[in-house]
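# Summary of structural features
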Amino acid sequence: MNGSRIAAVGHYQPAKVLTNEDLTRLVDTSDEWITSRVGIRTRHIAGPDEPVDELAAHAAAKALAAAGLTPGDIDLVLVATSTAVDRSPNTAARVAARLSIPQPAAMDVNVVCAGFTHALATADHTVRAGAARRALVIGADKMSDVADWSDRSTCVLVGDGAGAAVVEACAQGEEPGIGPVLWGSVPEMGHAVRIEGQPARFAQEGQAVYRWATTRLPPLARETCARAGIAPRDLAAVVLHQANLRIIEPLAERIGAAHAVVARDVTDSGNTSAASIPLALSKLVEQGRVTSGDPVLLFGFGGNLSYAGQVVRCP
């Protein structure tokens, strides 16, 4: 089995931008309070006529174009999301319909904030096994739909968006571009991050998540690098789930990636859940802050206290 690689990436965010100043008109907060606690300045918010599958399709179309491929080249569509309103048709099928992809396997993956890295590993395994030739892997969430806009501790965090990657088989003899996944969860702490109820609402135990992320995840991220055969100091970039700048910065430091570019898209996009990693990676590529072939650590974590990470080669 030759392994797989990321051929191209793309991202999409709604046009509407919600600033910290805007939030002061909704809840008792301030720009200083938000930036000092989570590092977020702005976030993009989708309108009522912009469903999750539309966000996902925009990002996927950009990734397809960047890869120089057509919809007919794709035979697997995976969408990581936890904010789709409808159960059937699933989001992946709706994305496939929007893009006119003929007869793909189409599946949703709900691992909340770690969804994209779980979906990326699933695509890698599927291509390696010969069950698909090329896959569209998408992280898309409309967190504004599940936000409690009266709760200042959570509504200041969330944003909407999507990011996508085209995954394809490596050529014969080519080094794999997606490293082995390290994944797992802490099921007994699933209550720490929740999207529950009717209507569904996002809630979390912030301090518990912060302690878990900053203490338990660094050794897991280092183990991810070890599985890929790379030392953290040799990483070109680190793209963690964009939850909170106060989590991202110490976590990146404790991994030992001293020379790596650290994605800080949370400052401009907020927490976009499953979209955050592909969105941040696509922006690093677009901005030229990473170059083709660079080793990049992707590591998702959050809802269900699940985590998944792999080292990939930049497209």
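Before any of the text, the structure's been laid out above.
What comes next concerns the included structure. (Residues numbered from 1 in each chain as written. Predicted model: local features only at pLDDT ≥ 70, side-chain atom pairs only at ≥ 80, totals over all residues. Heavy atoms only, no water.)

### Section: the layout of surface pockets
- Taken as a whole, the largest pocket holds about 640 Å³ of empty space.
- Around the largest pocket, the lining comprises 23 residues; the ones closest to its centre are Ser 82, Thr 83, Ala 84, Asn 110 and Ile 195.
- Here the lining of the largest pocket gets four residues from one element, more than from any other, and that element is strand β9 (residues 193–196).
- Taken together, the residues of the lining of the largest pocket break down into eight nonpolar, nine polar and six charged.
- Approximately 470 Å³ is the volume attributed to the second largest pocket.
- Only α2 (31–38), β9, β10 (201–204), α6 (206–228) and α7 (245–255) provide two or more residues apiece to the lining of the second largest pocket.
- Here the lining of the second largest pocket gets four residues from one element, more than from any other, and that element is α6.
- Within the lining of the second largest pocket, the residues separate by chemical class into 15 nonpolar, nine polar and two charged. (1 Å grid on protein atoms, 1.4 Å probe; cavity = no way out; pocket = protein on both sides within 12 Å on 5 of 7 lines; lining within 4 Å. Points joined across faces, edges and corners; volume = space filled by probe spheres on them. Helix = DSSP H or I, 4+ residues; strand = E, 2+ residues; numbered from the N terminus. Nonpolar A, V, L, I, M, F, W, Y, C, P; charged D, E, K, R; others polar.)

### Side note on the sheet that holds strand β1 (residues 4–12)
- Strand order in the open sheet formed by five strands is β1-β7-β6-β4-β5, and the pairing between neighbours is mixed. The sheet is open, and its two borders are formed by β1 and β5 (105–109), each paired with just one other strand. When the angles between neighbouring strand axes are averaged without regard to direction, this sheet yields 15°.
- Sheet topology places strand β6 (residues 134–142) next to strand β7 (residues 160–169); nine bridges connect them, and they run antiparallel. Across the sheet, residue Leu 136 finds its bridge partner in β7, namely Val 166.
- The strands that helix α3 (residues 52–67) touches are β1, β6 and β7; relative to β1, the one it contacts most, it runs at about 130°. (Pairing = 2+ DSSP bridges. Axes fitted to C-alpha atoms, helices over the stretch in contact; angles between N-to-C directions. Contact = heavy atoms within 4.5 Å.)

### Overview of the pairing of β9
- Bridge analysis of β9 against β10 gives four bridges, and the strand direction is antiparallel. Bridge pairing in β10 links Glu 196 to Arg 201.
- Hairpin connection from β9 to β10: four residues lie between these consecutive antiparallel strands, with Gly 197 at a positive phi of about 95°.

### Quick look at the sheet that holds strand β13 (residues 295–301)
- If you trace the five strands from one edge of the open sheet to the other, you get β8-β14-β13-β11-β12, paired in mixed fashion. Both outer strands of the open sheet, β8 (182–185) and β12 (261–262), are each paired with one neighbouring strand and no more.
- Of the strand pairs in this sheet, β8 and strand β14 (residues 306–313) are connected by four bridges, and their pairing is antiparallel. Of the residues in β14, the one forming a bridge with Gly 184 is Tyr 307.
- Contacts between helix α5 (residues 115–128) and the sheet are confined to β8, β13 and β14, with β14 contributing the most and set at about 55° to the helix.
- Packed onto the sheet, α6 meets β8, β13 and β14 and runs at close to 140° relative to β13.

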